[in-house]
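# A look at the structure
Below are the chains, spelled out letter by letter.
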Amino acid sequence: MLPKSKKKLVVVNQSKNVHPKDKANFLSHFLFWWQIPLVIKNWRNQVKEDEYVVVTREHESKKLGDQVEKFWNEEQISGKKASLIRALFKSFGTEFILCGLIYFPFDMASTVLQPLYLGQLLNYFIVNETPVTKEQAYFYGFMIVVSILIRVLSFQYFIMVTFSIGLKVRTACSSLIYRKLLSLKKATIQKATLGHVINLLSNDVDKFDRAFCYIHTIWSGTLKVIIASYFLYIWFGYQGLAGTGILTIFLLLQFYIFKITASARMNVALKTDHRIRIMNDIVAGIRAVKMYTWESSFANLINAARKSELKYIAQSNNIQNTSFTLVSYVHKLCVYVFILAVVLSGSSLTPHKVFLSINIYDLLRQTLQYTSAGISQMSEIKTSFLRIQEFLFLDAHQETKETIRLESELKVPQRVLLKNVDAKWDLSLTSTALSDVNFELNEGEIVSVIGTAGSGKSTLLQVILKELSVVSGTLYTEGSISYASQEPWIFPATIRQNIIFSEVPNETKYRKVIKACALERDISLFTYGDNTLVGERGVMLSGGQKARVNLARAIYKDADIYLLDDPLSAVDKSVANYIFTKCFLEYLQGKSVVLVTHQIQFLRNMDKIYILEEGKVASCGKYDELEILMGQSVQKYERRRLDVDEEKFLETGHLEFEIKEDSGNSNINRYKTYCLATGHWIFMVIQILLFVSNQIFINGSDVFLSFWVNLRQEGTTSSTISKYLTDINCLYIYTVIVFFLIFLFQLSTWTFVIFGKRASANLHDSFFRRILNGSMKFFDCHSSGRILNRFSRDMGIIDELIPRNMYYMLKQGITVLGVCVVVVGVNYWIIIPTIILKLLFYLHLLAFHSALNHFKRMSSTRRSPIFTHVSASIQGLTTIKALKAEQQSLSKFDEYQNFYNSVEYIQRALYFAYAYWVDFTCCLYSTVVIFYQLILVQDPLVGNVGLSITQSLLLLGCAQYALKLYGELDSQMTSVERVVEYPDLTPEENKGDFVPQPSWPSQGCIKLDSVSMQYSVDKPYVLKRVNLDIKSGEKVGIIGRTGSGKSSLISIIFRLYEFEGTVIVDNVDIKSVPLNVLRSRISVIPQDPVFFLGTLRKNLDPFDEFDDQQLWSCLEDVNLKLLVANLPLGLESPVLEGGANFSVGQRQMLCLVRAMLKNSKIVVLDEATANVDLESDSFIQTTIRRRFKNSTVLTIAHRLDSVMDSDKIVVMDAGVVVEFGTREELLQNPHGYFYKYVNNP
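What you are looking at is a predicted structure, and each value in this text was computed from that prediction instead of being measured.

Glancing now at the overall build of the protein chain. Scanning the protein chain from terminus to terminus reveals 41 helices and 21 strands. Computed over the C-alpha atoms, the radius of gyration of the protein chain is 36 Å, within 12% of the 33 Å expected from 2.2 N^0.38 for a compact globule of 1241 residues. Dimensions of the protein chain, computed from the C-alpha atoms along their principal axes, are close to 125 × 75 × 55 Å. Looking at the protein chain as a whole, 62% of its 1241 residues are labelled buried. Excluding contacts between residues fewer than 6 apart, the proportion of contacts in the protein chain whose partners are at least 24 apart in sequence is 83%. Accessible surface, the protein chain: about 46200 Å² in total, of which carbon and sulfur atoms supply 57%. The protein chain carries 130 positive and 118 negative side-chain charges, and their two centres are separated by 4 Å.

As structure tokens, this is what we get:
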């Protein structure tokens, strides 16, 4: 779940706000008038984002999601294999088919009428031909203009309507994916991973709105070729079919390309999934990555993943560019084959044959261009549909065997019953997570579940929540359930929103809850109270605050059963006592409560206690019955539990508002940046020269045909030239021109794919390096959704769309330039309307370009909240389902989709309006060229007339496509801006150039001299002139209120943030040491264990520095050898996302293994035992004392036994060291802080 948007979405009265499209009538929509006011408002800088928050009625996410979900559910129960395509067809198929059937007659009329009347018009200029009157010539010219208008009026409207259908499909599929996500079990979503889901919602669904614009052209293009072939046969006989043979071969080739493109797209999608998964691990665990100095290890992983991904992207781009290239010269090849047939058959080469063939094959080329795009897009969306469908099938055949109702055994109305339950995380594995478990919870009982790390406590709660598959036995639950997870789930919103969540706000109830959870003082100390934004994953809260907010959310829900997974582990004894009394015993009195805890001093108050060992119930009973087993542990705990005041303030400060996402920096030269990313500007120069050379041969072929026709017209040239330039010799020359034309086409395609691949690789690598080396302040202020959006959607655009659109745009742009040169070359007076045409093009560009970019930037920034919301939903999926908050989460997702769609539709509508008005301008230009030949030119050569008219007709479609591509490309270049420029992405300060000896630090002496630190210049100091002198080998415990500066002190040692003063380690100022050297010489065991996708071995030893024997030895020292040995692949066993296939306690001990392997002289423990039981805590402390007996150990204490045997203790308060000395010295001062912690519980 996410906070409401900071873009004033929450303050807009949406009931009074209507989307501009919904205000337009049909005529305004058909003629693209409703977009003009938007362009004018943007020109006047009057466009405000809060005006565009309401989506069009037809694109509402909830409505579309409900519609497709209904048909998808029908597919699943139909008895045959469910098909997403069939479900979508039932939803949108009729509308889509009707659109194509209505458009086709207009398209066909334009294709047939234009060459028909062009032939009649050319007869007017041919000497000794059937006489055509001037009036008839005017009529033929007028009908050519009418055929152009038919295409102008129908084509862009058709494209816009089909885009709208594609946007509906994308919105519906996105909603369906999220709905499925909310229904997945925890074990399943761990396998699917966040990266995969993000890729589905970014790159996969993004293809739908583009693809639907062209799908109809697959069948309509084929049908048009057949109908055009008939007319060619009528006009020219069998010779006319020669060129259509080439078109037939081309169409068959396109379907083959469709097949290999689908395969290439699947490979690209899989590789992109893998890269995004790794990036998600890096961004989510960036603090651990920096402290462990794993940057190079992850850089190698990303580089390998990126190299593999680019290989398939280049292959896919090469295929699609080759397909476009074939379309670009297939009409020239058709004309060549037709002329070859005419010449070799001995027929005369008339202007009628030449220019009608040029015109009709060019019209078919434009059709086949869209057909080719349709086939290419079809292959891509087929892959996307299959990937989405595969995701929708998750959990489809893994129904839990549960709910055998035994009414005779049910004594009370609300309870939980497990009888002989065996449960598995993965049904494919032989091992069980729980074995033969019997458990009972009666109404009004408070039951405790205890056990060592990995014994199955959390797993038991997951079974009750039905997140695990029960393979045998009986599971019965009755009544509503609320749940507090062991790892607090905090989503980026305010404290109040995190607590109330999906429930109805009730101020009285809310006040009681925050009081019962000991949150009153915390909230009072925040500047903005409970409206303080907590940041992603609660980054602005301490561990104790996160735990209590997480608990408050669970008890705010009025439920029958409360499942509380170790909610007191991150708070101290006094706060734990308070919460247990005020919350569990008083507030939840009469409720059924299952409390997983390591704090066994509360067990006396339990109605029943379950002790778990290795997934089995070892003992069950009341406290008196089990007291003998637990007596020693209780005494030990009561003697050594640390009492630290949990009433505190934020250590890291807080933000009133999340930093607004940058939408791209228009101050940089995007095109220069992209081109230079290839390595050198010379590559772009070579590419343009290839395009220009290619265009010279394209125009040269048409000019030569005009010359050839004029050569055969009486009185046009001398007999000497006619003697040498026979039809056969002209055919040879024409053959050479066509050969070089094709060769240069293919060469430019091949080189541009290399060009795009180099640019993509370098831009990604540069961005990744800057992210990896970014300061922690940057990550504190930017959500992972924002960052992943740039690595998924923006990099996807740079990888595929920008190279493709730049290639198409340059080809089309140079074609437009070549056409104008030829038309002006035939008659220089045409230069005047040509200049006017160029000026109008410029005005169109000027008017629409700014508006397009503005709405594109708005669209880009509105995508990030969707990804952040999905990320937060995956992290808290179990909580969302347990609290029955799926509908609220879905509503928020739909809200973000609508927020995005509202501007996405406007952006695309502006593109189509832009193309429409450019096409209309080209229609006017063609009208001028046609009637100029009729009115002003005296006795023109028919070849020149035919060349001028056919070239001017080329502009139709070509010019708008080039300018639209430029507009689209320019908007997509925003992605280059967003990747190249992240304004506040400042690198970590790393000015140190002194590399100490490999043995440094050999002693482990640490001295802090007047150290002060603030997280940003506008925030208060969290450390204030701290002075400490820690001797070699000392074990130092650090205690104090949360917010007193303990964690900040650790941040200083690792230089995660900049600070004032000096820190000396073994006589070396750490500021003078490079960061990677400093951090690699210090070991850390963090409070929140971080694990990444990959093998267990790679998680423990990412650089392969240690052999298996060393790893097994360390695993044995932490009692995990047997666990790992029993895994199917041992050390090579895969680690799921976030290390989810290990318990929190097991992950903590695996982090200890990392530190043991490193064997550093300085070891830092940041509340490392907060989430483990007392026995495991004692075991970890014993292991640390034994393995690090010669090391300097700094321990941020959570339990008193963690520091009581320390050589010295540091007590901090408000960023100041208030006490420092041995335990004995500090206990002698009855007024001291430490004395009060120990003696005043």
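Let's pick the thread back up.
One pass over the full model with this rule turns up 50 salt bridges. Two residues, D799 and R306, come together in a salt bridge whose shortest N-O distance is 2.5 Å. Taken together, the residues span a long stretch of sequence, with D799 in helix α27 (residues 784-826) and R306 in helix α13 (residues 295-344) at a distance of 493 residues. Here D799 matches R306 in class, with each residue buried. In this structure, E988 and R1079 form a salt bridge, with 2.7 Å as the shortest nitrogen-oxygen distance. Highlighted residues: E988 in the loop between α32 (942-980) and β10 (1006-1013) and R1079 in helix α34 (residues 1075-1080), separated in sequence by 91 residues.

Time to look at the environment of T171. Within the secondary structure layout, T171 lies in helix α6 (residues 134-183). The exposure class of T171 is buried, given its relative accessible area of 1%. In this structure, the C-alpha to C-alpha distance between T171 and K1098, residues 927 residues apart in sequence, is 39 Å. Setting aside chain neighbours within four positions, we find T171 in contact with H59, S61, L64, Q897 and N901. A polar contact of 2.8 Å, which involves the side chain of T171, links it to the backbone oxygen of L167.

If you look at the biggest cluster of nonpolar residues, it comprises 299 residues, and the most contacted ones within it are Y674, W708 and V870. Here this core gets 24 residues from one element, more than from any other, and that element is helix α31 (residues 886-935). Setting aside anything within four residues of it in sequence, one finds Y674 in contact with F755, G756, A759, L763, I798, I802, P803, M806, M973 and V976.

Turning our eyes to something else, we now look at the sheet that holds strand β1 (residues 415-424). Sheets are built from strands paired through backbone hydrogen bonds, the pairs being either parallel or antiparallel. If you walk across this open sheet you meet the three strands as β2-β1-β4, and the pairing is antiparallel. Whereas interior strands pair on both sides, the edge strands pair on one side only; in this sheet they are β2 (434-441) and β4 (469-478). Ignoring strand direction, the axes of neighbouring strands in this sheet form an average angle of 10°. Relative to β4, β1 is paired through eight bridges, and the arrangement is antiparallel. Its bridge partner being in β4, L417 is matched across the sheet by Y476.

Mapped onto the secondary structure, D894 falls in helix α31. With 831 residues separating them in the primary sequence, D894 and K63 have C-alpha atoms 9.4 Å apart. Discounting chain neighbours no more than four positions away, the residues touching D894 are S61, K62, S175 and R179.

Time to look at the packing of helix α23 (residues 681-712) against helix α25 (residues 727-772). Look at α23 against α25: their axes get within 9 Å of each other, and the N-to-C directions meet at 160°. Between α23 and α25, the crossing angle belongs to the class labelled roughly antiparallel. Taken as a pair, α23 and α25 cross one another with a handedness that is left-handed.

Looking now at the pairing of β10. Note that β10 and strand β11 (residues 1023-1030) share five bridges and pair antiparallel. Bridged to L1008 within β11 is L1028. In the sheet, β10 pairs with strand β13 (residues 1060-1065) via five bridges, with the strands oriented antiparallel. If you follow S1012 over to β13, its bridge partner there is E1060.

With that out of the way, let us pick up the packing of helix α5 (residues 84-123) against helix α14 (residues 351-392). Contact pair α5 / α14: the axes reach a minimum separation of 9 Å and the direction vectors enclose 170°. Considering their axes alone, α5 and α14 lie roughly antiparallel with respect to each other. Touching L84, I85, L88, S110, T111, Q114, P115, L118, G119, L122 and N123 of α5 are P351, H352, F355, L356, N359, I360, L363, L364, F385, I388, Q389 and L392, all from α14. Residues of the contact of α5 with α14, tallied by class, amount to 15 nonpolar, eight polar and no charged.

Together, K271, K307, K311 and K757 make up a region of like positive charge exposed at the surface. Checked against the element boundaries, K757 lands in helix α25.

So, about the state of the cysteines. For the structure on display, the rule yields zero disulfides. Left unpaired, C99 is separated from the closest cysteine sulfur, that of C213, by 9.7 Å.

Further remarks concern unusual backbone geometry. Residues apart from glycine generally show negative phi values, whereas peptide bonds are mostly found in trans. Looking along the chain, the bond that leaves W1000 and enters P1001 is cis, with omega of -5°. Along the chain, P1001 falls in the loop between α32 and β10. A positive phi is found at A518, a non-glycine position, where the angle reads about 55°. In this structure, A518 sits in the loop between α17 (507-516) and α18 (520-525). Using a relative accessible area of 17% as the deciding quantity, one classes A518 as buried.

Below, the discussion takes up the sheet that holds strand β6 (residues 561-565). If you walk across this open sheet you meet the six strands as β5-β6-β7-β3-β8-β9, and the pairing is mixed. The sheet terminates laterally at β5 (481-484) and β9 (616-621), the two strands that pair on one side only. For this sheet, the mean inter-axis angle between neighbouring strands, taken without regard to orientation, is 15°. Pairing geometry for strand β3 (residues 446-451) and strand β8 (residues 608-613), over five bridges, is parallel. Looking at the pairing, I450 lines up with I611 of β8. With respect to the sheet, helix α19 (residues 543-556) is in contact with β5 and β6, its orientation differing from that of β5 by roughly 175°.

All told, the structure shown has 59 aromatic pairs when counted by the stated rule. Connected via pairs of aromatic rings, a cluster forms that spans Y103, F155, F158, Y214, Y370 and Y961. In this arrangement the basic side chain of R862 is found over the ring face of F899, its NZ or CZ atom lying 3.8 Å from the centre. Over the aromatic face of F1091 sits the side chain of R1154, whose NZ or CZ is 4.5 Å from the ring centroid.

Together, W43, Y828, W829, I831, I832, I835, I836, L839, L840, Y842, L843 and L846 make up an exposed nonpolar region whose accessible area comes to about 1300 Å². Among the elements that take part in the nonpolar patch, helix α28 (residues 831-861) stands out by supplying nine residues, more than any other. In this structure, W43 sits in helix α3 (residues 36-43). Assessed through its relative accessible area of 53%, W43 is described here as exposed.

Going residue by residue along β5, you find I481 and Y483 tucked away on one face and S482 and A484 tucked away on the opposite face as well. Here β5 pairs with β6 via four bridges, running parallel. Its bridge partner lying in β6, A484 is registered against L564.

Calculation notes
- Residues numbered from 1 in each chain as written.
- Predicted model: local features only at pLDDT ≥ 70, side-chain atom pairs only at ≥ 80, totals over all residues.
- Heavy atoms only, no water.
- Helix = DSSP H or I, 4+ residues; strand = E, 2+ residues; numbered from the N terminus.
- Rg over C-alpha atoms; globule rule 2.2 N^0.38 Å.
- Buried < 20%, exposed > 50% of the residue type's maximum accessible area, 1.4 Å probe, protein only.
- Contact = heavy atoms within 4.5 Å.
- Areas by Shrake-Rupley, 256 points an atom, 1.4 Å probe, with all protein chains shown as cover.
- Lys, Arg positive; Asp, Glu negative; His and termini not counted.
- Charge placed at Lys NZ, Arg CZ, Asp CG, Glu CD.
- Salt bridge = Lys/Arg side-chain N within 4 Å of Asp/Glu carboxyl O.
- Polar contact = N/O pair within 3.5 Å; in protein donor to acceptor, adjacent residues only side chain to side chain.
- Core = buried A, V, L, I, M, F, W, Y, C linked by side-chain atoms within 4.5 Å.
- Pairing = 2+ DSSP bridges.
- Axes fitted to C-alpha atoms, helices over the stretch in contact; angles between N-to-C directions.
- Parallel < 35°, antiparallel > 145°, perpendicular 65-115°, else oblique.
- Left-handed = near helix turned anticlockwise from the far one by under 90°.
- Nonpolar A, V, L, I, M, F, W, Y, C, P; charged D, E, K, R; others polar.
- Patch = residues over 30% accessible without salt bridge, like charges linked within 9 Å, V, L, I, M, F, W, Y side chains within 5 Å.
- Disulfide = S-S within 2.5 Å.
- Phe/Tyr/Trp six-rings, centres within 6.5 Å; stacked < 30°, edge-to-face > 60°.
- Lys NZ or Arg CZ within 6 Å of the ring centre and 35° of its normal.

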